[in-house]
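Summary of the model geometry
Below, each chain spelled out in residue letters.
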Amino acid sequence: MRSVLIAACAVAAGLSLTSFAAAEELNATQQLGRQLFGQSCAVCHLKQQLGAATYGPSLSQASLGGQEDVMREVIANGTPRMPAFKYHFEPAQIDAIVRYLKTVPPQ
Ligand code: HEC
């Protein structure tokens, strides 16, 4: 039932999450990270169904050389083209997103 709800939400959001790990395989922290990613990051980092190019690169466990510290740093402080999230998220939330990204296989 829960997976049906998650699938319905993904469809409602118009996102293609098929290449991402099934929610059932994620622990609670990783699921939180997946949810936050869907809300705040997918708009730039996930391919939309209409096939438009993404604004940011696709992300995976191998992004930034797979270095979790660097991932946290980029998410917290942003880049010239990406907003900083340190005022938006608690450190624990940024950590949850990094833990989720570490479950995503490289494309
Ligand atoms: C407004 C669009 C936008 C949003 C929203 C956004 N990003 Fe980004 N992100 C980018 C762009 C563009 C880059 C490429 C870096 C650059 O050119 O400055 C990037 C780069 C990254 C990188 C480094 C990837 C690499 O291989 O160099 C990570 C990690 C990352 N973003 C994570 C996130 C996370 C996590 C979120 C949500 C909390 C997020 N981003 C939200 C646009 C965005």
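A brief look at the structure comes next. (Residues numbered from 1 in each chain as written. Predicted model: local features only at pLDDT ≥ 70, side-chain atom pairs only at ≥ 80, totals over all residues. Heavy atoms only, no water.)

Another aspect to go through is the site of the ligand. Around the ligand lies a shell of 18 residues, among which C41, C44, H45, T79 and M82 are the nearest. Between the ligand and the protein, one listed contact pairs an oxygen atom with a side-chain N or O atom of T79 at 2.3 Å. At 2.9 Å from an oxygen atom of the ligand is found a side-chain nitrogen or oxygen belonging to R81. Of all the elements in the fold, those that place two or more residues in the shell around the ligand are helix 3 (42-45) and helix 4 (68-77). Of the residues in the shell around the ligand, the class split is 13 nonpolar, 4 polar and 1 charged. (Near = heavy atom within 4 Å. Polar contact = N/O pair within 3.5 Å; in protein donor to acceptor, adjacent residues only side chain to side chain. Helix = DSSP H or I, 4+ residues; strand = E, 2+ residues; numbered from the N terminus. Nonpolar A, V, L, I, M, F, W, Y, C, P; charged D, E, K, R; others polar.)

For the pair helix 4 and helix 5 (residues 91-101), interaxial distance at closest approach is 10 Å and the crossing angle is 125 degrees. Classed by the angle they form, the pair helix 4 and helix 5 counts as oblique. Handedness of the helix 4/helix 5 crossing: right-handed. For the pair helix 4 and helix 5, contact is made by E68, M71, R72, I75 and A76 and by I94, D95, I97 and V98, respectively. Residues of the contact of helix 4 with helix 5, tallied by class, amount to 6 nonpolar, no polar and 3 charged. (Axes fitted to C-alpha atoms, helices over the stretch in contact; angles between N-to-C directions. Parallel < 35°, antiparallel > 145°, perpendicular 65-115°, else oblique. Left-handed = near helix turned anticlockwise from the far one by under 90°. Contact = heavy atoms within 4.5 Å.)

This part covers the coordination of the iron atom of the ligand. Coordination of the iron atom of the ligand by the protein is provided by H45 (NE2) and M82 (SD), with metal-donor distances spanning 2.0 to 2.1 Å. Coordination at the iron atom of the ligand comes from 6 donor atoms whose angles at the metal span 85 to 179 degrees, giving a geometry best classed as octahedral. Placement of H45 in helix 3 and of M82 in the loop between helix 4 and helix 5 is noted, with a sequence separation of 37 residues between them. (Donors = N, O, S within 2.8 Å, 3.2 Å for Na, K, Ca; no water. Tetrahedral: all angles 85-135°; square planar, octahedral: opposite > 155°, others 65-115°.)

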